Each structure stands twice: as C-alpha cells, then as structure tokens.
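Each chain, letter by letter, is given below.
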Amino acid sequence: MSDGSWNRVPIEPQSVNAPLSASAIFLVVTIGTSDEALTTARSVVADMGALVRTVGFRDLNGHLSCNVGIGREAWDRFGQPSRPAQLHVFPTIAGAVREDGTRHVAASTPGDLLFHIRSERSDLCFELERLLLDALGDSVTVIDEVSGFRYFDSRDLLGFVDGTENPTGDSMWMSSLIGDEDPDFVGGSYVVVQKYLHDLDAWETLSTDEQERIIGRTKPDNIELDGDAEKRPSHKTLTTITDANGVEHDILRDNMPFGRPGNGEFGTYFIGYSRDLWVIEQMLRRMFLGDPLGSYDRILDFSTAATGTTFFVPSNAVLESLG
C-alpha cells in the first residue's frame, strides 16, 4: 500500500505487514460447541472487513486494522476442502530440570480465533473489539484479552528495544507470507502468540552489563553485541535461526508491552508471523531447551510464558469465503 493511500481508506483486511502501531489488542476466543455458535463465528470473521471500516472511517489517520487467525481445531470445524500445510496445535515445550528442581515451560493454551487489532489510537481498538464481541455474542468464550501499548522508543518493559531484527522490504514479504509452496493459501501466514509475564523486581537487581549479556544488545543504544564472545548464548543468538545451508530465516514480530501496575502485572505479548511455522517453533525450542542443550535463554529466569497458541491468518479472499 502506498503512502498516499493511507489518506483514503483503512488498512486492507488481513494485512500482516501493516506498520507497527501505537496501540493493539490481542483477543483470543474459543467457539462454542453448537452448530449455531460455529455459524455465527464464521459469519462474523468473514465480514471482519466491514467491521473495521465501520470504526476505521471515523479517523483514517488512526490506521485501524485487524488480522484474524484461525486455530487448527476451528479450521477443521469450518469444514474447508483443505488445510494449511503446516497448521497444527501449539506444542508444549518443557525445558530441562534445573538445579532448583524447576523447569521453564512454553505452555500450550486453548484458542480457536485470534483477533490482532492495531491502531494509532487506543479508542479505535477498543471500539472495534466492543463491536466485534457484540456481534459474536455467546457464540464464543474469551480466553485471553490483552491491551498493548508502544513504550517509549519501541522498548519492552525490560528496557530494551524490541523487534530490532524484523525484516524489511522484499524480505518482509518473503519471511511472513506463504507463497506457491501451498497454492490454496498463498498470501496467508502462520502466527504464534505467547503472553510473557515479567518479574521486574528480580530483573532490576541485575547490573546493566548482565542484562545486556542476557539480551545480546546494549541497553541505551541497541547495539548488537559480539555473539562469538558470548560465554553463554544470548536471547539474540538463540532466536537467530539458520538452516543446514547457512541461510538465516526471519519472522515478523509485532510484540507489545502491557501491564497493570496496581496488580503487579508487567509483560510482553509476543506475536510472530511467519511463512514457515517451523521457524518460530525452532526459536522457541532453542529458547526453552538451549543450544547446546541446557543453555536455555536466561531471559526465562525473569519472564514466564503464561499462554501459547498457534493460528493461521488466511488472505482476505480466503477469510471472506468462510461466510
């Protein structure tokens, strides 16, 4: 979409590669067991573009958008003639038992539909979610609902710039959108979401130098540290995926901080879009299991994955066909 078109229409539905926003809502729901619930859910998601336009035209500069993701079980219930080749339920990843008898776990949690709502205005996100849930009614149950915000210069609540390694230009499309390898689903994307809760008190007991070694970047100016000099793999190193041919594979992150200080809740909502689901899953295995085995991502000593769900984001044409 050209820059000029921002002034004419809201973002095209199912725009995985829309720009990072100032506000976002991450809404995960399950669909009821009845045929009526399934019919309602299908009808609403197929007409998602109309809902976005209804709210988005109030302020075109708000750049409102919504990506709809569909889980494996919901996709099968929708009775489509084929299934995205890599779509499956998020697998639980249990790390090795540590010296204190605990282990870091990437939990697998329920979710039939994901609504990733984005805008420069939090009130537009709120209004779209309100109308969406009104339309869905009792056909769904809300499993998780998180409101994210841009924190200073795109930092997470740990104080580091997030999303630095996002692909740009042509590589963004190549990394995030399915191509001719799955012809029925060209233009779609796989997406994994996880809600991480941070122990900021424990994190802040670390020196800046130790925090930087864990992340793999400097804190003030976001400069990448030399991975070859690492005594233990950093978060940056563990989440850099290279295949057997030496080719590096990227994903598109749209992470957002969230929090409720009055409840002592501080976190990062991880959301990663990818052309190949295995890339995200390999990142998570390296984080939780370590590479070499046991050298898990030390960020997990301060951040706990409370949720984990996989979805497929179809192209807008495929989404509309569900109706």
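Residues numbered from 1 in each chain as written. Predicted model: local features only at pLDDT ≥ 70, side-chain atom pairs only at ≥ 80, totals over all residues. Heavy atoms only, no water.

## Things to note about helix H9 (residues 277-289)
Move 1: Taking 1.5 Å per residue as the helical rise, H9 with its 13 residues ought to reach 18 Å, and the 18 Å between its terminal C-alpha atoms agrees with that figure.
Move 2: Listed in full, the buried residues belonging to H9 are Leu-277, Val-279, Ile-280, Glu-281, Met-283, Leu-284, Arg-286, Met-287 and Phe-288.
Move 3: Immediately downstream of H9, the backbone of Gly-290 shows phi near 95 degrees, a positive value. (Helix = DSSP H or I, 4+ residues; strand = E, 2+ residues; numbered from the N terminus. Expected span 1.5 Å × (residues − 1). Buried < 20%, exposed > 50% of the residue type's maximum accessible area, 1.4 Å probe, protein only.)

## A look at the side chain of Glu-129
Move 1: Checked against the element boundaries, Glu-129 lands in helix H4 (residues 122-136).
Move 2: No salt bridge is formed by the buried Glu-129; its nearest oppositely charged neighbour, Arg-130, is found at 9.4 Å.
Move 3: Among all residues touching Glu-129, those that are not within four sequence positions of it are Ile-25, Leu-27, Ile-117 and Glu-145. (Lys, Arg positive; Asp, Glu negative; His and termini not counted. Salt bridge = Lys/Arg side-chain N within 4 Å of Asp/Glu carboxyl O. Contact = heavy atoms within 4.5 Å.)

## Focus: helix H7 (residues 208-215)
Move 1: Inspection of H7 places Gln-211, Glu-212, Ile-214 and Ile-215 among the buried residues, and these make up the whole buried set. Taken end-on, H7 shows its buried residues confined to a sector of 160 degrees, consistent with a single buried face.
Move 2: In this fold, the buried residues of H7 make contact with helix H6 (200-203) and helix H8 (235-238).
Move 3: Positioned one or two residues after H7, Gly-216 has a phi angle of 95 degrees, which is positive. (Arc of directions from axis to C-beta.)

## Focus on the environment of Gly-290
Move 1: In this structure, Gly-290 sits in the loop between H9 and strand S13 (303-305).
Move 2: The spacing of Gly-290 and Leu-51 is 239 residues in sequence and 43 Å in space, taken between C-alpha atoms.

## Quick look at the pattern of salt bridges
Move 1: This model, assessed by the stated rule, comprises 22 salt bridges.
Move 2: Between Arg-130 and Asp-134 there is a salt bridge; the shortest N-O distance is 3.6 Å. Taken together, the residues Arg-130 and Asp-134, both in helix H4 and four residues apart, mark about one turn of the helix.
Move 3: Between Arg-260 and Glu-265 there is a salt bridge, with its nearest N and O atoms 3.4 Å apart.
Move 4: Taking the relative accessible area as the measure of exposure, Arg-260 reaches 45% and is therefore partly exposed.
Move 5: A single salt-bridge network, built from bridges that share partners, covers Arg-98, Asp-100, Glu-210, Arg-298 and Asp-301.

## Examining the pairing of strand S5 (residues 113-119)
Move 1: Among the seven residues that make up S5, seven are buried, leaving the element largely enclosed by the rest of the structure.
Move 2: Burial along S5 is two-sided: the residues Leu-113, Phe-115, Ile-117 and Ser-119 and Leu-114, His-116 and Arg-118 are all buried.
Move 3: Pairing of strand S1 (residues 23-31) with S5 involves seven bridges; the strand directions are antiparallel. When the sheet's bridge partners are listed, Phe-26 is paired in S5 with His-116.
Move 4: Taken together, the six bridges between strand S2 (residues 65-70) and S5 define a ladder with antiparallel strand orientation. (Pairing = 2+ DSSP bridges.)

## Digging into the side chain of Gln-194
Move 1: As for its placement among the helices and strands, Gln-194 is situated in strand S7 (residues 189-198).
Move 2: At 2.8 Å, the side chain of Gln-194 forms a polar contact with the side chain of Tyr-196.
Move 3: Excluding residues within four positions of it along the chain, Gln-194 makes contact with Phe-90, Ala-106, Thr-268, Tyr-269, Phe-270, Leu-284, Phe-288, Ala-305, Thr-307 and Gly-308. (Polar contact = N/O pair within 3.5 Å; in protein donor to acceptor, adjacent residues only side chain to side chain.)

## Here we look at the layout of surface pockets
Move 1: Here the largest pocket is characterised by a volume of approximately 670 Å³.
Move 2: Sorting the residues of the lining of the largest pocket by element identifies S7, H8, strand S9 (248-249), strand S12 (265-274) and H9 as the ones contributing at least two each. (1 Å grid on protein atoms, 1.4 Å probe; cavity = no way out; pocket = protein on both sides within 12 Å on 5 of 7 lines; lining within 4 Å. Points joined across faces, edges and corners; volume = space filled by probe spheres on them.)

## Considerations on empty space enclosed by the protein
Move 1: Across all of its chains, the model carries two cavities of 30 Å³ or more by this definition.
Move 2: Looking at the largest cavity, its volume works out to about 170 Å³.
Move 3: Lining the largest cavity we find 16 residues, and of these Leu-20, Ser-154, Asp-162, Asn-255 and Met-256 sit closest to its centre.
Move 4: In the lining of the largest cavity, the residues fall into five nonpolar, five polar and six charged.
Move 5: Of the pockets and cavities examined, the second largest cavity occupies roughly 40 Å³. (Nonpolar A, V, L, I, M, F, W, Y, C, P; charged D, E, K, R; others polar.)

## Brief notes about the packing of aromatic side chains
Move 1: Taken as a whole and judged by the stated rule, the model has nine aromatic pairs.
Move 2: A ring pair is formed by Trp-75 and Phe-185, whose centres lie 5.6 Å apart and whose planes are at 70 degrees; its orientation type is edge-to-face. Here Trp-75 is found in helix H3 (residues 72-77), whereas its partner Phe-185 is found in the loop between helix H5 (170-176) and S7, with 110 residues between them in sequence. Here Trp-75 and Phe-185 have matching classes, each one buried.
Move 3: Consider the rings of Phe-160 and Trp-203, whose centres lie 6.4 Å apart with planes at 70 degrees: the pair is edge-to-face. With a gap of 43 residues between them, Phe-160 in the loop between strand S6 (140-149) and H5 and Trp-203 in helix H6 connect regions that are remote in the sequence.
Move 4: Among the residues examined, Phe-160 registers a relative accessible area of 2% and is labelled buried.
Move 5: Aromatic rings pair up to connect Trp-75, Phe-185, Tyr-190 and Phe-312 into one cluster.
Move 6: When the ring centre of Tyr-296 is taken as reference, the NZ or CZ atom of Arg-232 above it lies at 4.5 Å. (Phe/Tyr/Trp six-rings, centres within 6.5 Å; stacked < 30°, edge-to-face > 60°. Lys NZ or Arg CZ within 6 Å of the ring centre and 35° of its normal.)

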